[in-house]
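# Inside the fold
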Amino acid sequence: MGETLRVAMIGAGGIGGYFGGRLAAAGHDVTFVARGAHLEALRREGLSVDSVAGSFTVAPAQATDDTRDIGEVDVVMLCVKTWQLPPAIAALEPLVGPGTAVVTVQNGVEAPEQVAQAIGRHAVLPGTVKIFANLDGPGRVRHVGGPAALTFAEWDNRPTERAERLRAALDTAGTTAVISADIWAELWAKFLFVVPFGGLGVATDAPIGVLRSREGTRRLLVDAMREIRQVAQAMGIALPDDILDTTMAFVDGQPATGTSSLQRDIASGHRSELEAWTGAVVRLGARTGTATPVNNLLYEVASVRAARSEVPPETIG
């Protein structure tokens, strides 16, 4: 297997449970940070992963609700929602030593800097995940599709031994791991897809098949993407020249009934990542002097809808 890594998974839902479970099943020293019934199930019965790539169980599973029980590790994977970041960041200190890599996998483009403000950029490996997985009850994770891929890199994209160690560990554990040549372009490319799709989906309550097939909504998708590309350029992010064309080609290849997590969360009354998605476009546009009228409108519409049914914030889990 190679060198055994000590890993802390902060957040043991779909992403944390899947990647942490694969690493644990491959023999790495993995501890899950969770809460409530999920924590108790992990301790009592272990972690069960129902996966299209092969189901497995990790039993016993090491789990705690206090990072002081774990101590310094080689890798921390922050697998919480963007709005759960403040308590997750506060829990990092006992885990981080001189060489610890803290991998951020949140949607959006602001999470790495939020984490870096607490522990320094040298410790942060920005990353992005492509997987369809969710928590299917206490102690149970369901992986239904997607490439199960984690793309990451050092803050300045330089090659390092710790990044290569993590890549090798994930690769041998049966997942796909890629060290990006430009992780910031990767983050913004995903951002450019999910934010217009999510914001327009909330505004229209329509799936992606409708959004791409109507002339007006398709134009709005492209216009919102164009604004994000302009914000990225203003921030020095080098997106490909054909990013709008390739992203719309990706949109055209998705299942017609698909909706974003943002749309589903707001529709069901759950707390959403609106501030990290469309809200971030508005903030960063204002900061760079870049006009974002389409995203501004989508943000206001979504904010009104979200405020009607906002619930108290959850803790790490």
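This write-up is about the structure you can find in this document. (Residues numbered from 1 in each chain as written. Predicted model: local features only at pLDDT ≥ 70, side-chain atom pairs only at ≥ 80, totals over all residues. Heavy atoms only, no water.)

### Quick word on the overall build of the chain
Per the secondary structure count, the chain includes 12 helices and 10 strands. The C-alpha atoms of the chain give 19 Å as radius of gyration, which agrees with the globular expectation for 317 residues (20 Å, within 12%). Taking the principal axes of the C-alpha coordinates as reference, the chain spans close to 55 × 40 × 35 Å. Residues counted as buried form 53% of the 317 residues belonging to the chain. Contacts in the chain between residues far apart in sequence, at least 24 positions, make up 71% of those at least 6 positions apart. About 13600 Å² of surface is accessible on the chain, with carbon and sulfur atoms providing 51% of the total. Distance from the positive charge centre (28 side chains) to the negative charge centre (35 side chains) of the chain: 4 Å. (Helix = DSSP H or I, 4+ residues; strand = E, 2+ residues; numbered from the N terminus. Rg over C-alpha atoms; globule rule 2.2 N^0.38 Å. Buried < 20%, exposed > 50% of the residue type's maximum accessible area, 1.4 Å probe, protein only. Contact = heavy atoms within 4.5 Å. Areas by Shrake-Rupley, 256 points an atom, 1.4 Å probe, with all protein chains shown as cover. Lys, Arg positive; Asp, Glu negative; His and termini not counted. Charge placed at Lys NZ, Arg CZ, Asp CG, Glu CD.)

### A look at the pairing of strand β3 (residues 47-51)
For a regular strand, the rule is simple: side chains alternate between the two faces of the sheet. Burial along β3 is one-sided: the residues L47, V49 and S51 are buried and none of S48 and D50 is. Note: β3 against strand β4 (residues 56-58), 3 bridges, orientation antiparallel. Each bridged residue has a counterpart across the sheet, and for V49 the counterpart in β4 is F56. (Pairing = 2+ DSSP bridges.)

### Remarks on the packing of helix α6 (residues 183-204) against helix α10 (residues 261-268)
Closest axis-to-axis distance for the α6/α10 pair is 7 Å, and the angle between their directions is 30 degrees. For the element pair α6 and α10, the recorded crossing hand is right-handed. Of the residues in α10, those in contact with G198, G199, G201 and V202 of α6 are L262, Q263 and I266. (Axes fitted to C-alpha atoms, helices over the stretch in contact; angles between N-to-C directions. Left-handed = near helix turned anticlockwise from the far one by under 90°.)

### What to know about the nonpolar core
Judged by nonpolar contacts, the single largest core of 63 residues is most densely connected at I10, V76, L78, L92, V115, W188 and F191. Considering each element in turn, this core owes the most residues, 12 residues, to α6. Formed by 38 residues, the second largest nonpolar core is a distinct cluster that contains Y18, L39, F56 and A61. (Core = buried A, V, L, I, M, F, W, Y, C linked by side-chain atoms within 4.5 Å.)

### Quick look at the pattern of salt bridges
Two side chains that carry opposite charge are able to pair once their charged atoms sit near each other. As enumerated under the stated definition, the model contains 15 salt bridges in all. Measuring nitrogen to oxygen at the nearest pair gives 3.2 Å for the salt bridge that ties D29 to R6. Linking D29 in strand β2 (residues 29-33) with R6 in strand β1 (residues 6-10), this pair joins segments that are 23 residues apart in sequence. Its relative accessible area of 26% is what places D29 among the partly exposed residues. In this structure R6 comes out as partly exposed when scored by relative accessible area, which is 30%. The shortest N-O distance in the salt bridge between E275 and R283 comes to 3.2 Å. (Salt bridge = Lys/Arg side-chain N within 4 Å of Asp/Glu carboxyl O.)

### Points about the environment of R142
Turning to its location among the elements, R142 is positioned in strand β9 (residues 140-152). When the C-alpha atoms of R142 and S48 are compared, they prove to be 8.5 Å apart, with 94 residues separating the residues in sequence. With sequence-adjacent residues up to four places away left out, R142 is seen in contact with D50, F132, A133, N134 and D136.

### Focus: the packing of aromatic side chains
On inspection of all chains with the given rule, the structure shows 5 aromatic pairs. Taking 5.6 Å as the distance between ring centres and 90 degrees as the angle between the ring planes, the aromatic pair formed by Y18 and F19 counts as edge-to-face. Grouping residues by exposure puts Y18 and F19 together as buried. Summarising the aromatic geometry, the rings of F193 and F197 are spaced 5.4 Å apart at their centres and angled 25 degrees between planes, so their arrangement reads as stacked. Of this pair, F193 and F197 both sit in helix α6, separated by 4 residues, roughly a single helical turn. Of the two residues, F193 and F197, neither departs from the other in class, the shared state being buried. Every member of this aromatic cluster is reached through a ring pair, and the members are F193, F197 and F250. (Phe/Tyr/Trp six-rings, centres within 6.5 Å; stacked < 30°, edge-to-face > 60°.)

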